[in-house]
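Report on the structure
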Amino acid sequence: MKSALLIINPSSGREEALGYVHQAERVLRDAGYEAEIKQTGGVGDATRFCLSACEAGADLVVSIGGDGTLHETINGLRGQSRLPRLGIVPLGTVNDFARALHLPLDPSEAIRTLASPHTRPVDVGVMNGQLFINVVAAGTLAESLSAVTPGDKSRMGAFAYVKEGVKELASPTSHPLIIRTGGREWTADSPLFLAALTNSVGGFERLAPDAEVDDGLLHCFLVRDLSLLRTLTAGLSLLFGNLKNHPDVTYFTAKEVSVTSSAPVRTNVDGEDGPPLPISLSLLPRRISVVVPASD
Ligand SMILES: Nc1ncnc2c1ncn2[C@@H]1O[C@H](COP(=O)(O)OP(=O)(O)OP(=O)(O)O)[C@@H](O)[C@H]1O
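Residues numbered from 1 in each chain as written. Predicted model: local features only at pLDDT ≥ 70, side-chain atom pairs only at ≥ 80, totals over all residues.

**Let's talk about the nonpolar core**
Core analysis: the largest hydrophobic core is formed by 78 residues, its most contacted members being Ile7, Val62, Val136, Ala138 and Leu194. Of all the elements, strand β16 (residues 279-291) adds the most residues to this core, at six residues. Split by domain, this core shows at least three residues from each of two domains, domain 1 (2-115) and domain 2 (135-285). Contacts of Val62, omitting those with residues within four sequence positions, involve Ala4, Leu6, Ile7, Ala24, Gly87, Val89 and Leu114. (Core = buried A, V, L, I, M, F, W, Y, C linked by C-beta atoms within 7 Å. Buried ≥ 20, exposed ≤ 12 C-beta atoms within 10 Å, placed from the backbone. Helix = DSSP H or I, 4+ residues; strand = E, 2+ residues; numbered from the N terminus. Domains from an automatic or database assignment. Contact = placed C-beta atoms within 7 Å.)

Okay, structure coming up:
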């Protein structure tokens, strides 16, 4: 019999995940899995649960929660030679990765998808030895996203991020950032550097419209110091999927990038607080197989 581990974060999004446990168990049992269920209680649990499932030879690991739970779950796959397939039931606030993969955003439909025999290989990012699945951001705008509280997320959903972002955009602060890739180098006072693996960042599905989950590239945006007027035009470019062409944005793709600063600058990785700069980014092409609907 095949084995599956369901990792459930009861606090994700609007705190609805536990209500889907029985349905998920039933779908997996009908698909021939013996399913174990583990509930996270705090930071690092999803990583530990996933790691022990890998070591026990699990065929499928399912993340039931938001992007943060998914981020912790995939970090349990680090260094493993035989990887289980990854199932995703998006129950977070934004669910960027599920959007990028065109997975069903309706939890019941996503649970039915777990029985699908189809998978799609996806790239995984590496930042200072940690894995990420969606995006790394550095700078004051990234810090403002980390200021969103779980209470705000439960109450306001994705609007909680918009609220903090708009507050920061009204008077953005910049830090001196140095970006290096291959033989190239950029230095700029910047409120934001982004490296995205997928097109969906913070719920904006048009931020990096060229990014594919399996293209083997980091899609990088360096935003230079902006006046309020230019901030507004950059906001519009973001909405219309044209950010990379904005005159104050440097866009490039790379397989490896480093970001340093002479100032203390924090990062945000997959929507969660990350380490301070310096960071080194790279990726593992098509490393994880994600269960997708039959039509994908
Ligand atoms: N039982 C728990 N109570 C509180 N926090 C938890 C619990 N289990 C895990 N966590 C923490 O929840 C965070 C992940 O939340 P997740 O991203 O899944 O939901 P979200 O923040 O609502 O969604 P999104 O990332 O889309 O904004 C991680 O920091 C994790 O350590």
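**Brief notes about helix α2 (residues 45-55)**
Of all the residues in α2, the buried ones are Ala46, Thr47, Phe49, Cys50, Ala53 and Cys54. For α2, the buried positions fall inside an angular range of 165° around the axis, keeping them on one side. In this structure, the buried side of α2 is in contact with β1 (2-8), β2 (33-39), β3 (60-65) and α3 (67-74). Positioned one or two residues after α2, Gly57 has a phi angle of 80°, which is positive. (Arc of directions from axis to C-beta.)

**Some points on unusual backbone geometry**
For residues other than glycine, phi is negative in most cases, and the peptide bonds are mostly trans. The linkage connecting Leu277 with the following residue, Pro278, adopts the cis geometry, with an omega of 10°. Note on placement: Pro278 falls in the loop between β15 (272-273) and β16. One non-glycine residue, Asn95, adopts positive backbone phi at about 60°. Tracing the backbone shows Asn95 in the loop between β4 (85-90) and α4 (96-100). Under the C-beta neighbour-count criterion, Asn95 is labelled buried, with 25 such atoms within 10 Å. Located in the positive-phi region is His102, a residue other than glycine, with phi close to 55°.

**Quick look at the environment of Ile74**
Tracing the backbone through its elements, the reader meets Ile74 in helix α3. Measuring from C-alpha to C-alpha, the distance between Ile74 and Ile133 comes to 7.8 Å, with 59 residues separating the pair along the chain. Here Ile74 is in contact with Val124, Leu131, Ile133 and Ile288, once residues within four sequence places are set aside.

**Overview of the UniProt feature "domain: DAGKc" (unreviewed entry) in the protein chain**
Here the UniProt-annotated "domain: DAGKc" (unreviewed entry) positions come out as residues 1-131. Between the C-alpha atoms that bound residues 1-131 there is a distance of 30 Å. The span itself is 31% helix and 28% strand. (UniProt positions renumbered as here; feature names shortened; annotations may be inferred.)

**Let's talk about the site of the ligand**
With respect to spatial proximity, 22 residues lie near the ligand, and among them Thr40, Gly66, Gly68, Gly92 and Thr93 are the closest. Per-element tally for the shell around the ligand: the top contributor is α3, with three residues. Counted by class, the shell around the ligand contains three nonpolar, 15 polar and four charged residues. When we break the shell around the ligand down by domain, the ones giving at least three residues each are domain 1 (2-115) and domain 2 (135-285). (Near = placed C-beta within 6 Å. Nonpolar A, V, L, I, M, F, W, Y, C, P; charged D, E, K, R; others polar.)

**Some details on the confidence of the model for the protein chain**
Looking at the protein chain as a whole, the pLDDT averages 88, with 83% of positions reaching at least 70. Reported confidences for the modelled complex are a pTM of 0.90 and an ipTM of 0.95. (pLDDT = per-residue confidence, 0-100.)

**Quick look at the sheet that holds strand β7 (residues 135-138)**
Read from one edge to the other, the open sheet built from six strands follows the order β12-β11-β10-β7-β14-β15, with strand pairing classed as antiparallel. Every other strand in the sheet has two partners, leaving β12 (249-254) and β15 as the edge strands with one partner each. The pairing of β7 with strand β14 (residues 267-269) spans three bridges and is antiparallel. Within the sheet, the bridge partner assigned to Val136 lies in β14 and is Val269. (Pairing = 2+ DSSP bridges.)

**Topic: the pairing of strand β9 (residues 184-190)**
In terms of strand pairing, strand β8 (residues 175-181) meets β9 through seven bridges, oriented antiparallel. Residue pairing in the sheet places Ile178 in a bridge with Thr187 of β9. A loop of two residues connects β8 with β9, the two strands running antiparallel in sequence, and Gly182 in this loop sits at a positive phi of about 55°.

**Observations regarding the environment of Val249**
Mapped onto the fold, Val249 is located in strand β12. The exposure class of Val249 is buried, given the 20 C-beta atoms found within 10 Å.

**Quick notes on the environment of Val259**
Position of Val259 among the secondary structure elements: in strand β13 (residues 257-261). As a C-alpha pair, Val259 and Ser280 span 21 residues in sequence and 6.6 Å in three-dimensional space. Ignoring anything within four residues of it in the chain, the contact list for Val259 reads Ala138, Leu177, Ile179, Phe193, Leu277, Pro278 and Ile279.

**With respect to the pairing of strand β5 (residues 119-127)**
Examined bridge by bridge, β5 and β16 share eight bridges and lie antiparallel to one another. Within β16, the position partnered with Val122 by the bridge is Ile288. By the bridge criterion, three bridges tie β5 to strand β6 (residues 130-132) in an arrangement that is antiparallel. In the sheet register, Val126 faces β6, and the bridge partner there is Leu131. Connecting the antiparallel pair β5 and β6 is a turn made up of two residues, with Asn128 showing a positive phi of about 45°.

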